[in-house]
Amino acid sequence: MSSVVSWLERRQIGLYLVAILAACVVGLTVPGAHRLEGAIEPVLALLLFATFLGVPFAAIRTSLRDGRFLAAVGVLNFVVVPLVAYGLSRFVADEPALLFGVLLVLLTPCIDYVIVFAGLAGGASERLLAAAPLLMLAQILLLPLYLLLFIGPEGVAVVEVGPFARAFLLLIVVPLTAAALVQALARRHRSGVLIERTMLGLMVPLMMATLFAVVASQAGAVGDLARQLLVLVPIYAGFLIVMAALGIGAGRIFRLDVPATRALVFSGATRNSLVVLPLALALPASMSLAPVVVVTQTLVELVGMVIFVRLVPRLVPSPARRWLGGSRARR
């Protein structure tokens, strides 16, 4: 069992790319692939349960007292990101549905698989986990305000709190509570240890299943409107590039350590597409393109995250790697 888990972990980036490519093929060729949409939340909830199991809850309590990191996350996501999102959204300002969809997804910071990807890159996943409830609450309160500023009253009228509250309950509260109970059980009984080891061993397959469900369920809709959506790809890719640079800069300004800076980069770059998708699907007919606009961001971001896992540790190297690099350079 341990050898299989080790093999999966060593090859996880390649396996994620295979899952995305396979999902594209299925989504574009299998007529009923869109029904996989119903599997997204359960699989994601299991992935987050496994993720939470791997984070000591004592570390979460410590992270909640880390005011500098929480301030950096807040400033980056709710001061810097809105400015970047507004600037990039000007490229589709004449298309109301595209504009709404772009702003809806770019203005909402990720609270779920960002923890997984940041952890893979050596980021402080426990700090992002501690920040997740605060990020969720802040985006619920601030999204209507930003839409009012950037679009006008019609932008606020279609925003509902329900999908946000449901996602927060299913994707944060339930998995987090279950993980805390299992960790408590593991301190007293072998069954808890067995659950922990099994779920942690399933991390890579669960991530592959999540990527497959998201991409396969939405690839057909994106493919049907590919020409209209093509303009969004450089917008979303540009967002990832800009936020990587700004996240690193914010880490330096707030004097964060390497794991915290890496986590900050991921927090600024990843968006809450899986949470806002139900909201986009509930929009009136005049905004029928908005869900596909959100999904397009998901597809671009997933590819970007696979790249980020390898790239961010190079952009934010550990002190030991900097010293070794300088040593080689002097030679």
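Procedures and definitions
- Along every chain, residues carry numbers that run from 1 in the direction the sequence is written.
- Local features in this predicted model are restricted to residues whose pLDDT is 70 or higher, and side-chain atom pairs enter the listing and the counts only when it is 80 or higher, whereas totals over whole chains, interfaces and linings include all residues.
- Note that the side-chain values use all heavy atoms of the structure and ignore hydrogens as well as water.
- Secondary structure elements follow DSSP: runs of H or I of four or more residues count as helices, runs of E of two or more count as strands, with numbering from the N terminus.
- The globule rule used for comparison is 2.2 Å times the number of residues to the exponent 0.38, while the radius of gyration itself is calculated over C-alpha atoms.
- Only protein chains enter the accessibility calculation, which uses a 1.4 Å probe. A residue is then buried if its area is under 20% of the maximum for its type, exposed if over 50%, and partly exposed in between.
- Lines fitted to the C-alpha atoms define the axes, with helices restricted to the stretch that makes contact. Angles between their N-to-C directions range from 0 to 180 degrees.
- By definition, any crossing whose near helix is turned counterclockwise from its far helix by less than a right angle is left-handed, and any crossing with a clockwise turn is right-handed.
- Residue contacts are defined here by distance: any two heavy atoms, one from each residue, within 4.5 Å place the two residues in contact.
- Planes of paired rings set the category: under 30 degrees apart is stacked, over 60 is edge-to-face and the rest tilted, where pairs are Phe, Tyr or Trp rings (Trp by its six-membered ring) whose centres lie within 6.5 Å.
- Geometrically, a lysine NZ or arginine CZ counts as sitting over a ring once it is within 6 Å of the ring centre and also within 35 degrees of the ring normal.
- Buried residues of nine kinds, namely Ala, Val, Leu, Ile, Met, Phe, Trp, Tyr and Cys, make up a nonpolar core once their side-chain atoms join them within 4.5 Å.

Trainee: What should I look at first to understand the overall build of the protein chain in this one?
Mentor: Broken down by element type, the protein chain carries 18 helices and zero strands. Here the C-alpha atoms of the protein chain give a radius of gyration of 20 Å, agreeing with the 20 Å that 2.2 N^0.38 yields for 331 residues. Taken over the C-alpha atoms alone, the protein chain extends approximately 55 × 50 × 40 Å along its principal axes. Here the protein chain holds 331 residues, and the buried ones make up 52% of them.

Trainee: Which parts of the structure should I look at to understand unusual backbone geometry?
Mentor: Glycine aside, a negative phi is what most residues show, and trans is what most peptide bonds show. Despite not being glycine, Arg255 has its phi angle at roughly 55 degrees, a positive value. Looking at the element boundaries, Arg255 is found in the loop between helix H14 (232-253) and helix H15 (258-269).

Trainee: Would you mind going over the packing of H14 against H15 with me for this structure?
Mentor: To characterise two packed helices, one gives the angle between the axes of the helices and the distance between these axes. Interhelical geometry of H14 versus H15 gives an angle of 145 degrees and a closest axis separation of 8 Å. Note on packing geometry: the crossing formed by H14 with H15 is right-handed. Mapping the contact onto sequence places Phe239, Leu240, Met243, Ala244, Gly247, Ile248, Ala250 and Gly251 in H14 and Thr261, Leu264, Val265, Gly268 and Ala269 in H15.

Trainee: What's the story with the packing of aromatic side chains in this structure? I'm lost.
Mentor: Given two aromatic rings, one states the distance between the centres and the angle between the planes to describe the pair. Under the defined criterion, the tally for this structure stands at three aromatic pairs. Residues Tyr146 and Phe150 carry aromatic rings whose centres are separated by 6.1 Å and whose planes lie at 20 degrees to one another, so their mutual orientation is stacked. Placement of both Tyr146 and Phe150 in helix H8 (residues 125-150) is noted, with a separation of four residues, approximately one turn of the helix. With relative accessibility at 19%, the residue Phe150 sits in the buried group. Arranged with centres 5.8 Å apart and planes meeting at 80 degrees, the rings of Phe266 and Phe308 form a pair that is edge-to-face. Of this pair, Phe266 sits in helix H15 while Phe308 sits in helix H17 (residues 290-315), and the two are 42 residues apart along the sequence. The same class applies to Phe266 as to Phe308, namely buried. The aromatic ring of Tyr86 is capped on one face by Arg90, whose charged end is 4.1 Å from the ring centroid. It is Arg127 that lies over the ring of Phe69; its NZ or CZ is 6.0 Å from the centre.

Trainee: What is the right way to look at the nonpolar core in this model?
Mentor: Nonpolar side chains in soluble globular proteins generally cluster together in the buried interior. Core analysis: the largest hydrophobic core is formed by 113 residues, its most contacted members being Phe69, Leu232, Tyr236, Phe266 and Phe308. Each residue touching Tyr236, except ones within four places of it in the same chain, is listed here: Val102, Val105, Leu106, Val293, Thr296, Gln297 and Val300.

Everything listed here is a matter of coordinates, which is why it stays silent on function.
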